[in-house]
Amino acid sequence: MHLIKSSKVKLLICSLISINLFASNEAFNEKIISDKRLENFNLTKEQIEQDSSKLRKDWINPVTYQYKKNLGEEYETAQSIISINQPIFQSGGIYKAIKYADSTYDYASLELDQQKKDLITQALNLLYGIEKTNLNIQKAKYTLENAKIDVNRKKEQVLNGFLDASYLDDALLNLNSTKHNLVDLKYKKEELINSFNNISSQDYTKFELPVFKIFSEQEFIENNIELKKAEANIEKKGNYSYMTMAKYLPSVNAFYTYSKYHETDYKPGTDKENDQTFGLSLNVPFDSRTYNDVQSKRIEYLKSKLNLENSIDDEKTFFKTKLEKISMLDERLQITREDLEVYDSILKIINEEKQAQIKTQSDLDTLQNSQKIKSLDLKIYEIDRQMELLELYAKLH
């Protein structure tokens, strides 16, 4: 469901059916993010690519150029030396170094995707919050109308001696509280809009809220970005563990050195000849810290595996908790629908009694306002339900 332009923020009702998660993830359109924030994400992505490319080449030693000028002899001599000492076999360490660079890139890319999605989720949450506040403002206005009707009714009853003045005082306090609540809600709306403007450079009214639908636990686990990050971390730690071990195993290096002597200002030439050496060397490191270093990295690798198992349990619990919250909201929705049916039946009776001059217009207005408040409650619960589903979709990749 795309985020598209609209005259106002609208909320569409969702149903309990399984859908294509990737199509629904289109709701997380990055156009909602300001250009400056997107540029920052793009620069971070480019940095990840450069860091990964550098890491893939870390096993390649640099070619060294050295220029030497000897001032301690009778005649000055100058010499250029080009040398390289490059490992060509490290007991599998070179291959694992390249794999480590790839797995580091995968992990960093997932983390960046998660950061971007978290920001979009925050923006969508604010849009839901704005719409919910709009509905609460409408509720407060209907409540205010009822409070005014109640004050007028109590005032008339007190003046006619049917009620004590304390009842009127309570009604006035309730009216005052309702007015303050309306002021607070209007401020809250502006606060939410300002928070949204910190994320997006476009007006909030240009976006339509997406519709999210329930999906299975299996889909949630298979597409969970936290678990994908945990799997990428296992791959990264595993490659790094082997790299550490390979560092203490025998390796074969190819070396090459070329020396060239230069003429100086004080002597037209030199009897020293240019020289070059090349060959292979076998290196066998002996380090008292080998076991500790290897074991430490191995433990990190084993911990990453356990972290995945723990994360799976955490995400399953999270999914279950959200489903229970959604189920609770569904019950509230059903109760509210039943209440609206009761209001419909009562309003018919009140309307008939008003026509028969048994009930007053204020009685009818009060009940109609209460019915409208219930209708708004229905929409608010629907928004609450969408916000719970948003938290689930925010964890998908």
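Starting afresh in each chain, residues are numbered from 1 along the sequence in its written order. Side-chain atom pairs in this predicted model are given and counted only at pLDDT of 80 or more, local residue features only at pLDDT of at least 70, and totals for whole chains, interfaces and linings cover all residues. With hydrogens and water stripped out, all remaining heavy atoms of the structure feed into the side-chain values.

Break down the overall build of the protein chain for me, with residues and values.
Secondary structure is summarised from DSSP: a helix means a run of H or I of at least four residues, a strand means a run of E of at least two, and numbering begins at the N terminus for each. The secondary structure content of the protein chain amounts to 8 helices and 4 strands. Taken from N to C terminus, the helices and strands of the protein chain fall in the order α-α-β-β-α-α-α-α-β-β-α-α. Expressed as a percentage of its 397 residues, the buried residues of the protein chain come to 37%. We call two residues in contact whenever any of their non-hydrogen atoms come within 4.5 Å of each other. Counting only contacts in the protein chain whose residues sit at least 6 apart along the sequence, the fraction spanning at least 24 positions is 84%. Total accessible area computed for the protein chain in this model is approximately 23,700 Å², and 50% of it derives from carbon and sulfur atoms. Only protein chains enter the accessibility calculation, which uses a 1.4 Å probe; a residue is then buried when its area is under 20% of its type maximum, exposed when over 50%, and partly exposed in between. In short, Shrake-Rupley with a 1.4 Å probe defines the accessible areas, and a residue's cover is counted only from the protein chains shown.

Describe in detail the sheet that holds strand S2 (residues 77-89), supporting the description with residues and values.
For two strands to be treated as a pair, DSSP must find no fewer than two bridges joining them. The antiparallel open sheet is built from 4 strands, whose spatial order is S1-S2-S3-S4. A strand with exactly one partner marks an edge of an open sheet, and here the two such strands are strand S1 (64-70) and strand S4 (275-283). Geometrically, the sheet is characterised by an average inter-axis angle of 20° between neighbouring strands, direction not taken into account. In this sheet, S4 lies alongside strand S3 (residues 251-262) in antiparallel orientation, the contact comprising 9 bridges. Following the sheet pairing, alanine 254 is matched in S4 by leucine 280. Fitting a line to C-alpha atoms yields each axis, with helices limited to the stretch in contact; the angle taken between N-to-C directions then spans 0 to 180 degrees.

With reference to specific residues and values, describe the confidence of the model for the protein chain.
Low-confidence regions, as indicated by low pLDDT, have predicted coordinates that should not be scrutinised in detail. pLDDT is a residue-level measure of predictor confidence that goes from 0 to 100. Per-residue confidence for the protein chain gives a mean pLDDT of 89; residues scoring 70 or more make up 90%. Element-level pLDDT for the protein chain is lowest in helix H1 (residues 21-24), with a mean of 51, against a maximum mean of 96 in helix H4 (residues 165-199). Scored below 50 in pLDDT, residues 1-20 shows 62 contacts in the model against residues more than four places distant or in partner chains.

Tell me about the packing of aromatic side chains, and name the residues and values.
Only rings of Phe, Tyr and Trp enter the pairing, Trp through its six-membered ring, and a pair is recorded when the two centres are within 6.5 Å. The plane angle decides the type: under 30 degrees is stacked, over 60 is edge-to-face, the rest tilted. Under the definition given, this model contains 9 aromatic pairs. Between the aromatic rings of tyrosine 100 and tyrosine 240, the centroid separation amounts to 5.2 Å while the plane-to-plane angle is 35°, which identifies the pairing as tilted. Placement of the pair is tyrosine 100 in helix H3 (residues 93-159) and tyrosine 240 in helix H6 (residues 225-246), with a sequence separation of 140 residues. Joined through ring pairs, the aromatic side chains of Phe28, Phe212, Phe215, Phe220, Phe318, Phe319 and Tyr393 make up one cluster. Of note, lysine 236 hangs over the ring of tyrosine 107, and the distance from its end group to the ring centre comes to 4.4 Å. Two limits define a charge over a ring: the Lys NZ or Arg CZ must be within 6 Å of the ring centre, and within 35 degrees of the ring normal. In this arrangement the basic side chain of lysine 395 is found over the ring face of phenylalanine 318, its NZ or CZ atom lying 4.8 Å from the centre.

Please provide a residue-by-residue account of a nonpolar patch on the surface, values included.
A cluster of nonpolar side chains, contributed by Val63, Tyr65, Tyr67 and Ile82, occupies part of the molecular surface with about 430 Å² of accessible area. Judged by relative accessible area, which is 57%, valine 63 ranks as exposed. Put simply, a patch holds well-exposed residues, over 30% relative accessible area, that have no salt bridge, with like charges counted together within 9 Å and Val, Leu, Ile, Met, Phe, Trp or Tyr side chains within 5 Å. Should a side-chain nitrogen of Lys or Arg be within 4 Å of a carboxyl oxygen of Asp or Glu, the pair is scored as a salt bridge.

Quick rundown of a negative patch on the surface? Include the residues and the values.
Charged residues are defined narrowly, with Lys and Arg counted positive, Asp and Glu counted negative, and His plus the chain ends left uncounted. All charge positions are set by atom: Lys at NZ, Arg at CZ, Asp at CG, Glu at CD. Residues Asp35, Glu39, Glu46 and Glu49 make up a contiguous surface patch of negative charge. Position of glutamate 46 among the secondary structure elements: in helix H2 (residues 35-56). Under the relative-accessibility criterion, glutamate 46 is labelled partly exposed at 44%.

Describe the packing of H6 against helix H7 (residues 290-355), with residues and values.
Running from N to C, H6 and H7 point in directions that differ by 170°, and their axes come no closer than 9 Å. Classified by the angle their axes make, H6 and H7 are roughly antiparallel. Two secondary-structure elements touch here, H6 through Glu226, Leu227, Ala230, Glu231, Asn233, Ile234, Lys237, Gly238, Tyr240, Ser241, Thr244 and Met245 and H7 through Asp293, Val294, Lys297, Arg298, Glu300, Tyr301, Ser304, Lys305, Leu308, Ser311, Ile312 and Glu315. The classification used treats Ala, Val, Leu, Ile, Met, Phe, Trp, Tyr, Cys and Pro as nonpolar, Asp, Glu, Lys and Arg as charged, and all other residues, Gly among them, as polar. In the contact of H6 with H7, the residues fall into 9 nonpolar, 6 polar and 9 charged. By definition in this entry, angles of less than 35 degrees are roughly parallel, angles greater than 145 are roughly antiparallel, angles of 65 to 115 are roughly perpendicular, and the rest are oblique.

Any chance you could break down the pattern of salt bridges for me, citing the residues and the numbers?
Applying the stated criterion across every chain, the model contains 19 salt bridges. Notably, a salt bridge pairs glutamate 300 with lysine 237, separated by 3.3 Å at the nearest N-O pair. One end of the pair, glutamate 300, is in helix H7; the other, lysine 237, is in helix H6, and 63 residues separate them in sequence. When its relative accessible area of 31% is taken as the criterion, glutamate 300 is described as partly exposed. Residue classification places lysine 237 among the partly exposed residues on the basis of a relative accessible area of 25%. Of the charged contacts, one joins aspartate 287 and arginine 289 as a salt bridge, the two residues approaching to 2.9 Å between their closest N and O atoms.

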